[in-house]
Number of protein chains: 2
Amino acid sequence: MLHKNFKNIDRVVYGRGSFSQLPEIIEPVRKENNRYFVYVIDSFFENKIGAKELNSKPEDLIYYIDVNPHEPTTEQVDTLRDEILSKKGLPSGVVGMGGGSIMDIAKALSLMLTNPGSSTQYQGLNLVKVPGVYHLGIPTISGTGAEVSMTAVLTGPEKKLGLKCDYTVFHQVILDPELTATVPTDWWFYTGMDTYIHCIESRYGIKNNAFSLAYGNQALELCRDVYLNEGSGKTPENDDKLMVASLMGGLSLTYSEVGVCHALSYGLSKVHGTRHCYANCIIFQHLEDIYPEGVREFKAMLEKNNISLPRGLSKTWTEKELDEMAAVSYNLPFMWHHAFGDNYREIATPDYIKSLFRRL
Amino acid sequence: MLHKNFKNIDRVVYGRGSFSQLPEIIEPVRKENNRYFVYVIDSFFENKIGAKELNSKPEDLIYYIDVNPHEPTTEQVDTLRDEILSKKGLPSGVVGMGGGSIMDIAKALSLMLTNPGSSTQYQGLNLVKVPGVYHLGIPTISGTGAEVSMTAVLTGPEKKLGLKCDYTVFHQVILDPELTATVPTDWWFYTGMDTYIHCIESRYGIKNNAFSLAYGNQALELCRDVYLNEGSGKTPENDDKLMVASLMGGLSLTYSEVGVCHALSYGLSKVHGTRHCYANCIIFQHLEDIYPEGVREFKAMLEKNNISLPRGLSKTWTEKELDEMAAVSYNLPFMWHHAFGDNYREIATPDYIKSLFRRL
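On a predicted model such as this, the values are computed, not experimentally measured, just so you know.

Parameters at a glance
Residues numbered from 1 in each chain as written. Chains lettered and ligands numbered in written order. Predicted model: local features only at pLDDT ≥ 70, side-chain atom pairs only at ≥ 80, totals over all residues. Heavy atoms only, no water. Phe/Tyr/Trp six-rings, centres within 6.5 Å; stacked < 30°, edge-to-face > 60°. Helix = DSSP H or I, 4+ residues; strand = E, 2+ residues; numbered from the N terminus. Buried < 20%, exposed > 50% of the residue type's maximum accessible area, 1.4 Å probe, protein only. Lys NZ or Arg CZ within 6 Å of the ring centre and 35° of its normal. Least-squares fit on C-alpha atoms with pLDDT ≥ 70 in both. Contact = heavy atoms within 4.5 Å. Buried area = accessible area lost by both parts, 1.4 Å probe. Salt bridge = Lys/Arg side-chain N within 4 Å of Asp/Glu carboxyl O. Polar contact = N/O pair within 3.5 Å; in protein donor to acceptor, adjacent residues only side chain to side chain. Nonpolar A, V, L, I, M, F, W, Y, C, P; charged D, E, K, R; others polar. Pairing = 2+ DSSP bridges. Expected span 1.5 Å × (residues − 1). Arc of directions from axis to C-beta. Domains from an automatic or database assignment.

The next subject is the packing of aromatic side chains. Inspection of the entire model under this criterion finds 39 aromatic pairs over all chains. For the pair Phe 189 of chain A and Tyr 227 of chain A, a centre-to-centre distance of 5.5 Å together with 80° between the ring planes defines the contact as edge-to-face. You can see Phe 189 of chain A sitting in helix 5 (residues 185-203) and its partner Tyr 227 of chain A sitting in helix 6 (residues 210-227), a full 38 residues away along the chain. The exposure class assigned to Phe 189 of chain A is buried, which follows from its relative accessible area of 0%. Here Tyr 227 of chain A falls in the buried class, since its relative accessible area comes to 0%. Pairwise contacts between aromatic rings join Phe 6, Tyr 14, Phe 211, Tyr 215 and Tyr 255 of chain A together with Phe 6, Tyr 14, Phe 211, Tyr 215 and Tyr 255 of chain B into one cluster. The ring of Tyr 36 of chain A carries the charged tip of Lys 88 of chain A above its face, separated from the ring centre by 5.2 Å.

In structure tokens, the structure reads:
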């Protein structure tokens with residue numbers, strides 16, 4: 001196909017308090033399958049958002065998941081799927097409420113509920129053949145773009161790679177900026193910078209077009225309002241803006257690609273378990289030769305928001321670890337191709353990639 | 001419902017040459033209903049785009065429609081629907097290819113093929129109860145936002161008003177900027193200004209939010225690139241941008257509303273048959289007291305592109321005509337409410353609206 005025919009989120013509701021519309025929105029879906037819903041919620045909300053706040057039904061299943069120990073794994077999704085199916089059979093739908101990891105788990109779970117075998121079999125493009133159950137995303141932190149992307153990124157025994165296909169896209173997203181009010185400042189910064197880096201990488205590469213650039217440019221403007229311009233900082237008005245920026249940054253990637261920072265980030269996360277957005281920030285500060293304007297502005301945002309990032313990490317890494325990280329990153333040719341053009345293989349060699357990791 | 005839960009276009013393909021993807025895209029839909037497609041195409045393309053270029057099937061029906069005599073009417077859609085159903089029964093889908101009028105006809109036709117009676121019965125919000133057939137839009141001129149809106153605006157015997165509901169939204173849009181290459185300069189300006197005016201009206205009113213503002217601001221930036229900034233003018237690069245601006249301007253209205261210019265425009269079109277985008281331009285130049293910055297910039301764009309608009313039109317209008325126009329405009333309270341706030345009834349009286357028409 002000449003140009004990507006992209007699948008939109010079917011329905012989007014945006015606005016303060018829109019979380020309260022959840023029961024009304026899923027009510028018509030409750031007649032599907034075994035007539036119950038699964039909620040997958042970040043354990044941060046365990047004593048804050050329960051059956052009462054969700055207005056859930058007694059037959060529903062609520063899982064609180066701690067995403068802190070590691071990025072979502074294929075094993076985690078498979079186990080959850082098996083448990084749900086053996087308990088109550090196929091649900092009407094899955095509601096995911098949390099950050100990018102929870103969005104990824106909810107998307108992957110909805111697919112794995114209807115597709116046999118392990119999720120490791122489906123890591124890649126268009127490998128999923130059966131539509132999943134209805135799935136709805138409620139982001140509680142802005143920036144990853146996972147609420148809009150057609151990929152559910154999982155770390156497997158062999159690779160960190162997304163289940164990427166049209167079926168992955170949410171049927172519904174509820175964008176309620178009020179839910180992001182309690183995000184700690186450091187994570188507010190790291191996740192927002194995921195959007196910022198998406199847009200910089202999307203823009204500086206060979207694959208973008210006017211659609212990608214328009215979405216990316218607006219998301220960058222919003223990031224500047226949130227992190228750099230007069231009036232910046234963690235305010236309700238900026239929470240509103242950052243939630244839109246995250247969506248637009250994600251849409252910017254529809255006709256473009258992420259680049260060097262994300263390729264390295266996957267390697268760092270896979271080997272050291274570093275959380276995605278934080279890994280991006282740790283890496284991006286060292287890429288001034290590749291993204292000069294973006295890294296300069298990123299550093300200004302770091303300073304403005306009084307955020308310090310670790311350096312010198314690579315001093316403690318073994319050659320074996322560096323080789324492993326480089327292998328994961330090298331195995332993402334579409335990112336290197338976008339960033340460096342058709343001759344990317346000559347530039348992004350394993351040795352070069354290792355040299356980039358040594359900067360950290 | 002607290003916040004609108006908006007229906008997206010299911011799928012969007014954007015890019016130069018994407019028109020060629022049409023047959024591949026509709027192929028899977030051809031198994032629906034009576035297994036044929038209806039094409040509704042602007043008569044401008046009558047000797048340019050036929051069965052060969054469309055790669056259509058012998059069983060398909062192609063209609064070329066001249067949109068110049070008037071804006072789309074309820075009668076026109078009803079007649080076309082009756083003819084199609086009596087000829088071949090329910091089609092698999094409808095493809096609309098042209099400007100805003102053709103988009104409106106295609107959307108309304110797809111709904112009226114499955115909903116009984118006259119389309120006049122469905123002018124308003126959520127009056128359509130049965131989903132229409134699959135419908136696909138291919139805009140060949142950018143600006144109206146009709147490719148993304150949930151409304152199919154028709155002029156009936158009594159009112160100019162849209163069939164507005166979730167079912168109206170296209171299942172698929174093909175955005176191929178190459179198709180806009182042959183648009184005459186004056187209409188390129190008028191229709192692009194429809195987007196510009198959408199964004200100004202969306203922004204200056206009580207109903208917007210961060211989502212609307214972000215989409216509107218980016219569409220305004222793109223309009224400036226196309227009509228005002230260095231590099232402006234009708235170039236391929238700007239055709240690319242204007243097609244994105246049109247989409248974003250339409251999405252800006254998701255959580256906002258048009259305002260004074262559109263309210264007046266509906267009255268002018270209903271009584272004098274003036275085409276929508278041109279009517280907007282004729283009116284907007286006189287609204288500097290209501291939209292000061294927007295009108296100043298609009299005038300700069302007029303000058304930069306050497307476009308002159310008629311003035312003094314109202315001199316030849318009768319009181320009866322002015323009353324009729326004002327009545328149509330007055331009957332759009334949501335636009336006046338957005339523009340003037342909760343006290344709009346005290347401001348936007350029939351006399352005041354007549355006084356605005358007298359400026360023309």
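With that settled, consider the relation of the copies chain A and chain B. Mapping chain A onto chain B calls for a screw motion: a turn of 180° about the axis and a shift of 0.0 Å along it, with 0.0 Å RMSD after fitting. Accordingly, the operation relating the two chain copies is best matched by a two-fold axis.

Across the boundary between the two partners, chain A contributes 39 residues, which contact 39 residues of chain B. Of the roughly 3,100 Å² buried where chain A meets chain B, counting both sides, 55% is carbon and sulfur surface. Looking only at chain A, the three residues that lose the most surface to chain B are Asn 5, Arg 11 and Tyr 14 of chain A, adding up to 18% of its buried area. Applying the counting rule to chain A against chain B returns 2 salt bridges. The salt bridge involving Arg 11 of chain A is made with Asp 166 of chain B; its shortest N-O contact spans 2.7 Å. For the pair chain A and chain B, the interface holds 19 residue pairs in polar contact (both at pLDDT 80 or more). Of all the secondary structure elements, the ones that give two or more residues to the side of chain A that touches chain B are strand 1 (5-7), strand 2 (11-14), helix 1 (22-26), helix 6 and helix 7 (236-252) of chain A. For the side of chain A that touches chain B, the element with the highest residue contribution is helix 6 of chain A, accounting for 7 residues. Considered class by class, the residues forming the side of chain A that touches chain B number 18 nonpolar, 12 polar and 9 charged. Pairing geometry for strand 2 of chain A and strand 1 (residues 5-7) of chain B, over 3 bridges, is antiparallel. Pairing of Val 12 of chain A across the sheet is with Phe 6 of chain B, part of strand 1 of chain B.

A separate point is helix 11 (residues 319-330) of chain B. Given 3.6 residues to a turn, an α-helix orients residues that are three or four positions apart in the same direction. Residue and element names in this part refer to chain B. In a regular helix each residue adds 1.5 Å, so 12 residues correspond to 16 Å; helix 11 covers 16 Å between its end C-alpha atoms and thus fits that length. Inspection of helix 11 places Leu 322, Met 325, Ala 326, Val 328 and Ser 329 among the buried residues, and these make up the whole buried set. Along helix 11, the residues classed as buried sweep out an arc of 160° about the axis, all on the same side. Tucked into the core, helix 11 has its buried residues touching helix 8 (260-272), helix 12 (333-340) and helix 14 (350-358).

Before going further, it helps to spend a moment on the domain arrangement of chain A. Residue and element names in this part refer to chain A. If you check the domain split of chain A, you get domain 1 (11-180) and domain 2 (185-358). The partner domain 2 presents 26 residues to the 27 residues of domain 1 that form the contact. Carbon and sulfur atoms supply 58% of the area that domain 1 and domain 2 bury against each other, a total of about 2,200 Å² over both sides. If you look at where domain 1 meets domain 2, you find 2 salt bridges. The shortest N-O distance in the salt bridge between Arg 275 and Glu 71 comes to 3.2 Å. At the junction of domain 1 and domain 2, the tally comes to 15 residue pairs in polar contact (both at pLDDT 80 or more). At the level of secondary structure, the elements contributing two or more residues to the side of domain 1 that touches domain 2 comprise strand 8 (151-155) and strand 9 (160-164). Ranked by residues supplied to the side of domain 1 that touches domain 2, first place goes to strand 9 with 3 residues.

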